Amino acid sequence: MTQDSPDGSTGAGRPGPGESVVSGSTTGRRIEAMLGVPCYTLAEVAEASGLDVNIVRRYWRSLGFPDPAPADKHFTETDVQALRQLAGLVAEQEISFTTAQNLVRAQGHSMDRLVLWQVEALVEDAAKRHELDDTSARLLVLDKLGGLAPVLAEQAEYVWRRQLAALMSRIDRDLSQSDHAASSAQQLPLERAIGFIDIVSYTTRAATLSATQLASLVGEFESAARDVIARYGGRVVKTVGDAVLWVADDLPSGAWVGTGLLEAMAARNLPIRGSLVWGRVLSRSGDVFGPIVNLASRLADVAIEGELLMDAVSAALLRESGHAGDFEISQLPEVDVPGLGSVSPARLVRRPEA
């Protein structure tokens with residue numbers, strides 16, 4: 001830690017291992033105050049929490065942080081309490097050690113993405129509103145972040161509770177609709193509509209754009225996609241540059257999401273293509289797995305600009321649903337899909353409103 005000199009000024013010098021570059025700044029101190037005063041080494045925090053040092057090291061890595069130097073007073077009383085809480089759940093056999101590690105890894109990964117997303121959004125806002133270059137915008141955000149951090153933390157907890165409540169409702173609905181007698185240990189547990197969309201010729205387009213233009217393109221694409229997916233009851237699984245993978249709990253909702261995405265992107269002059277498939281998936285680590293995920297990805301690859309493709313089975317199920325009149329489903333010639341062989345795709349289009 002950088003120490004204050006007797007006259008109140010901050011001593012200069014390079015930060016040590018694991019030390020924050022801004023620890024001597026006002027913002028750095030305000031953020032550190034939320035965590036407490038660093039006063040434990042790795043060995044000391046392990047002793048204080050009653051855990052083996054190797055377990056603490058694994059915990060720290062699972063959060064996504066590098067190993068601190070052995071003599072570095074890097075940990076606070078807040079770290080001790082967090083470790084004790086988690087160790088208590090394992091000791092009381094509420095969860096296994098492996099599960100505890102998975103929970104920590106999930107939190108570390110999610111929060112790393114969250115804080116990065118939040119800070120980048122604040123930097124972009126500062127740059128636009130105050131007409132600043134990137135460096136100046138980051139300095140402005142750094143100066144304000146200490147005051148914003150408590151609000152962002154409270155908002156994060158609020159959204160977590162909302163998301164947990166929504167997940168519990170979905171689980172209740174899945175259980176109430178499941179046919180236990182017909183279920184099999186060989187089946188994947190969840191029935192979902194899986195959709196993919198991606199920007200056509202993204203690589204070529206990106207090569208011609210400046211960094212600012214590329215950031216604007218990706219930001220507009222992701223923002224519009226998330227809005228449409230949420231509007232019709234779907235959920236984003238993940239985004240990868242020019243592509244979005246999403247799920248919906250029923251096929252008609254998936255059809256509304258998919259066709260809504262086509263309309264929204266066309267209105268923004270963003271050429272996309274996509275797919276929609278219904279079937280069973282496995283949900284792990286915030287992602288989905290199963291043959292239909294691969295099928296959806298492959299169908300999106302063979303779609304042309306402005307096209308949303310379904311497989312024959314999913315198309316037949318949508319035709320038989322009570323929402324078939326909302327959509328036009330056109331059977332297309334068979335295509336050879338790499339890794340899957342011959343597939344009979346169908347084009348899905350939303351009917352114009354009367």
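The preceding data block contains the structure.
Report follows, based on the coordinates. Since this is a predicted model, take the numbers as computed values, not measurements.

Things to note about the overall build of the chain
Along its length, the chain carries 11 helices and 10 strands. Across the 354 residues of the chain, 33% fall into the buried class. Within the chain, contacts between residues at least 6 apart in sequence are counted, and of these 63% link residues at least 24 apart. When the accessible surface of the chain is totalled, it reaches about 20,900 Å², and 55% of it is carbon and sulfur.

Considerations on the pairing of strand β1 (residues 190-199)
Across the 10 residues that make up β1, a large majority, eight, are buried. As defined by bridge partners, β1 adjoins strand β4 (residues 272-284) across 10 bridges and the pair is classed as antiparallel. Looking at β4, one finds that L190 is bridged to V281. As paired strands, β1 and strand β3 (residues 243-248) are joined by six bridges and run antiparallel to one another. Paired with F196 across the strands is L245, a residue of β3.

A look at the packing of helix α9 (residues 251-267) against helix α11 (residues 312-320)
Helix-helix packing: each pair is described by the crossing angle between the helix axes and the interaxial distance. At a minimum axis separation of 10 Å, α9 and α11 run at an interaxial angle of 105°. By the angle between their axes, α9 is roughly perpendicular relative to α11. Where α9 abuts α11, its residues L251, P252 and A255 lie against S314, L317 and L318. For the contact of α9 with α11, the per-class residue count stands at five nonpolar, one polar and no charged.

Considering the pairing of strand β10 (residues 346-350)
The two faces of β10 differ: A346, L348 and R350 on one face are buried, but R347 and V349 on the other face are not. Summarising the sheet, strand β6 (residues 308-310) and β10 pair through two bridges and their orientation is antiparallel. Residue pairing across strands places M310 opposite A346, the latter belonging to β10. In terms of strand pairing, strand β7 (residues 327-331) meets β10 through five bridges, oriented antiparallel. Residue pairing for β10: I329 is matched across the bridge by L348.

What about unusual backbone geometry?
The backbone of Q93 sits at a positive phi, close to 60°, despite the residue not being glycine. Among the structural elements, Q93 can be located in the loop between α4 (77-91) and α5 (97-130). By relative accessible area, Q93 is classed as exposed at 71%. At S285, a residue that is not glycine, the phi angle is positive and equals roughly 55°. As for its placement among the helices and strands, S285 is situated in the loop between β4 and β5 (287-289).

Comments concerning helix α10 (residues 291-302)
An ideal rise of 1.5 Å per residue puts 16 Å on 12 residues; α10 measures up with 17 Å between its terminal C-alpha atoms. Taken together, the buried positions of α10 are I292, V293, L295, A296, L299 and A300. Buried residues of α10, viewed axially, fall in a sector of 160°; they line one side. Buried residues belonging to α10 abut β1, β4, β5, β6 and β9 (341-343).

Some points on the nonpolar core
Grouped together as the largest cluster of nonpolar side chains are 34 residues, with contacts concentrated most on I197, W246, L261, M265 and L348. No other element matches the seven residues that α9 contributes to this core. L348 has contacts with A255, T259, L276, L308, M310, L318, F327, E328 and I329, leaving out every residue within four places of it along the chain.

Describing the side chain of D242
Inspection of the secondary structure assignment puts D242 in the loop between β2 (235-240) and β3. No salt bridge is formed by the buried D242. Its closest oppositely charged neighbour is R273, at 6.9 Å. Not counting residues up to four positions away in its chain, the partners in contact with D242 are I197, D198, I199, Y202 and F221.

A closer look at the packing of helix α8 (residues 211-231) against α9
As a packed pair, α8 and α9 sit with axes 9 Å apart at the nearest point and diverge in direction by 145°. The element α8 and its partner α9 pack so that their crossing is right-handed. For the pair formed by α8 and α9, the contact residues are F221, A224, A225, V228 and I229 on the first element and V257, G260, L261, A264 and M265 on the second. Grouping the constituent residues of the contact of α8 with α9 by class yields nine nonpolar, one polar and no charged.

Cut-offs and rules
Every chain is numbered independently, its residues counted from 1 as its sequence is written. Per-residue local features are limited, in this predicted model, to residues with pLDDT of at least 70; the limit for side-chain atom pairs, both in listing and counting, is 80 or more; totals at the level of whole chains, interfaces and linings are taken over all residues. Only hydrogens and water are removed before side-chain values are computed, so all heavy atoms of the structure are retained for them. The helix and strand labels rest on DSSP assignments: H or I over at least four residues marks a helix, E over at least two residues marks a strand, and numbering proceeds from the N terminus. A 1.4 Å probe rolled over the protein chains alone gives each residue an accessible area, and that area as a share of the maximum for its type sets the label: buried under 20%, exposed over 50%, partly exposed in between. In this description, contact between two residues means that some pair of their heavy atoms is separated by no more than 4.5 Å. For the accessible areas, the method is Shrake-Rupley and the probe is 1.4 Å, while residue cover comes only from the protein chains on display. DSSP calls a pair of strands paired once it identifies at least 2 bridges connecting them. Structural elements are reduced to axes, namely lines fitted to C-alpha atoms, with helices fitted over the stretch in contact, and the angle between N-to-C directions of any two is expressed from 0 to 180 degrees. Each angle is binned into one of four classes, with values under 35 degrees roughly parallel, values over 145 roughly antiparallel, values of 65 to 115 roughly perpendicular, and all other values oblique. Residue polarity follows a fixed list, in which Ala, Val, Leu, Ile, Met, Phe, Trp, Tyr, Cys and Pro are nonpolar, Asp, Glu, Lys and Arg are charged, and the others, Gly among them, are polar. Multiplying 1.5 Å by the residue count of a helix minus one yields the expected span of that helix. Throughout, the arc means the angular range of directions from the helix axis out to the C-beta atoms. Among buried residues, those of type Ala, Val, Leu, Ile, Met, Phe, Trp, Tyr and Cys that are joined through side-chain atoms within 4.5 Å constitute a nonpolar core. Residues scored as charged are limited to Lys and Arg (positive) and Asp and Glu (negative), so that His and the chain ends carry no count. Salt bridge, as used here, is a side-chain nitrogen of Lys or Arg placed within 4 Å of a carboxyl oxygen of Asp or Glu. Left-handed describes a crossing whose near helix is turned anticlockwise from the far helix through less than a right angle; right-handed describes the clockwise counterpart.

Everything listed is a geometric property; what it means functionally is a separate question.
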